[in-house]
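The lines below spell out each chain.
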Amino acid sequence: QVQVAESGGGLVHPGGSLRLSCTASGSIISIEAMTWYRQAPGKQRELVAEIFRGGSISYAGSVKGRFTISRVMANHTLYLQMHNLKPEDTAVYYCKWRCAEASRAIFQDYWGQGTQVTVSS
């Protein structure tokens, strides 16, 4: 069973920076995509940034130019570097790994529990 865990959230002032990390553990044999989502109170979960197996990347328009998604495949870690944070970035941030594990050999989505990011003065 693949397990995913986020870390790095916290309280930051507007204009500040944070880096989120997301690590996947388990017998992963192939990764299709890794994605950051966020969900603000009373709102639907939205895609923030995504990186695909081949390295292509996409961002939500609201974070383009401020957030950077990256990965270290060797240790199954995904990052989200966030700069110039705004109060509207306040949300629980989740990561999702779409990958196949050795016991099943089919692609499935694995989610973390989320990490809170609060941007406030």
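Parameters at a glance
Residues numbered from 1 in each chain as written. Predicted model: local features only at pLDDT ≥ 70, side-chain atom pairs only at ≥ 80, totals over all residues. Heavy atoms only, no water. Pairing = 2+ DSSP bridges. Helix = DSSP H or I, 4+ residues; strand = E, 2+ residues; numbered from the N terminus. Axes fitted to C-alpha atoms, helices over the stretch in contact; angles between N-to-C directions. Buried < 20%, exposed > 50% of the residue type's maximum accessible area, 1.4 Å probe, protein only. Polar contact = N/O pair within 3.5 Å; in protein donor to acceptor, adjacent residues only side chain to side chain. Contact = heavy atoms within 4.5 Å.

J.: Describe the sheet that holds strand β7 (residues 67–72), naming the residues involved and giving the relevant values.
T.: Strand order across the open sheet formed by 4 strands is β1-β3-β8-β7, with antiparallel pairing between neighbours. Looking at strand neighbours, the two that pair on one side only are β1 (3–7) and β7, the edges of this open sheet. Ignoring which end each strand starts from, the neighbouring axes of this sheet average 15° apart. As paired strands, β1 and strand β3 (residues 18–25) are joined by 5 bridges and run antiparallel to one another. Pairing of Ser7 across the sheet is with Ser21, part of β3.

J.: Residues and numbers for the environment of Lys64, please.
T.: In this structure, Lys64 sits in the loop between β6 (57–59) and β7. Judged by relative accessible area, which is 57%, Lys64 ranks as exposed. Residues Lys64 and Val48, spaced 16 residues apart in sequence, show a C-alpha to C-alpha distance of 9.0 Å.

J.: Tell me about the side chain of Thr77, and please be specific about residues and values.
T.: Examined against the element boundaries, Thr77 turns out to sit in strand β8 (residues 77–82). Within the structure, the side chain of Thr77 is placed 3.1 Å from the backbone oxygen of Asn75, a separation counted as a polar contact. When near neighbours in sequence (up to four residues on either side) are disregarded, Thr77 contacts Cys22, Thr23, Ser70, Arg71, Val72 and Trp97.

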